Amino acid sequence: MKNRTSTYIVSGLIVLAIFGFAFKLFTDPLSILIMLATIALVGALIYFLVTRLTSSSSGRQQQRAFQKAAKRSKKRFQTKDANTSSKRSKIKSLASARNKKKDASHLTVIDGKKSRKKNRASF
């Protein structure tokens, strides 16, 4: 019962607000524009103040440091990519000149003594 009453009250207030807005729009549209401009200015001012007060200086310094590091790494990777592409073309030309196949690597797998248990007392 209580929920139904609050629904009626809220819907009644919304209907009255719509009627008031429509009446004001037909009688004095300039005052609505001034009111909307004032609301926008106050909202922008509040947003500006909140962003200035909540952002800490250490956060800005960290952001600048991150951007600087990102630029450095980007430069480093761009120069590496340019160097590797030229090196790859040289390597390909040398490889095609030789026409040799590479042997398999000489790495071997050494099987340890898996079944023997470690003497934990010596550790």
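All values reported here derive from a predicted model rather than from experimental measurement. (Residues numbered from 1 in each chain as written. Predicted model: local features only at pLDDT ≥ 70, side-chain atom pairs only at ≥ 80, totals over all residues. Heavy atoms only, no water.)

## Here we look at the overall build of the protein chain
To keep it simple, the criterion reads: The helix count covers DSSP runs of H or I at least four residues long, the strand count covers runs of E at least two residues long, and both are numbered beginning at the N terminus. In this scheme, a residue with accessible area under 20% of its type's maximum is buried, one over 50% is exposed, and one in between is partly exposed, where area comes from a 1.4 Å probe on protein chains only. Computed by Shrake-Rupley with a 1.4 Å probe, the accessible areas treat only the displayed protein chains as cover when residues are assessed.
From N to C terminus, the protein chain includes three helices and zero strands. Mapped in sequence order, the helices and strands of the protein chain form the string α-α-α. In the protein chain, which comprises 123 residues, the proportion classed as buried is 1%. Here the protein chain has roughly 12600 Å² of accessible surface; of this, 64% comes from carbon and sulfur atoms.

## Details of the packing of aromatic side chains
For any pair of aromatic rings, the description rests on two quantities: the centre-to-centre distance and the angle between the ring planes. In plain terms, the rule: Two rings belonging to Phe, Tyr or Trp (six-membered ring only in the last case) form a pair when the distance between their centres is within 6.5 Å. Interplanar angles under 30 degrees mark stacking, angles over 60 mark edge-to-face geometry, and anything in between is tilted. Only lysine NZ and arginine CZ atoms are considered, and such an atom sits over a ring when it is within 6 Å of the ring centre and within 35 degrees of the ring normal.
Counting across every chain of the model gives zero aromatic pairs. Against the face of Phe77 rests Arg76, its NZ or CZ located 5.4 Å from the ring centre.

## With respect to a nonpolar patch on the surface
Counted only if it meets this: Within this analysis, patches are made of residues with over 30% relative accessible area and no salt bridge. Like charges are joined at 9 Å or less; nonpolar side chains (Val, Leu, Ile, Met, Phe, Trp, Tyr) at 5 Å or less. Basic side-chain nitrogens of Lys or Arg form a salt bridge, by our definition, when they fall within 4 Å of a carboxyl oxygen of Asp or Glu.
Side chains of Leu30, Leu33, Ile34, Met35, Leu36 and Ile39 sit close together on the surface and give an oily, nonpolar patch of about 620 Å² of accessible area. By the secondary structure assignment, Leu33 is in helix α2 (residues 29-54). The class of Leu33 is exposed, set by a relative accessible area of 56%.

## Focus on the confidence of the model for the protein chain
Selection criterion: Across the chain, each position has a pLDDT score giving the predictor's confidence in that residue, from 0 to 100.
Per-residue pLDDT for the protein chain averages 78, and the proportion of residues at 70 or more is 62%. Here helix α3 (residues 57-98) stands out as the least confident element of the protein chain, with mean pLDDT 71; α2 is the most confident, with 91.

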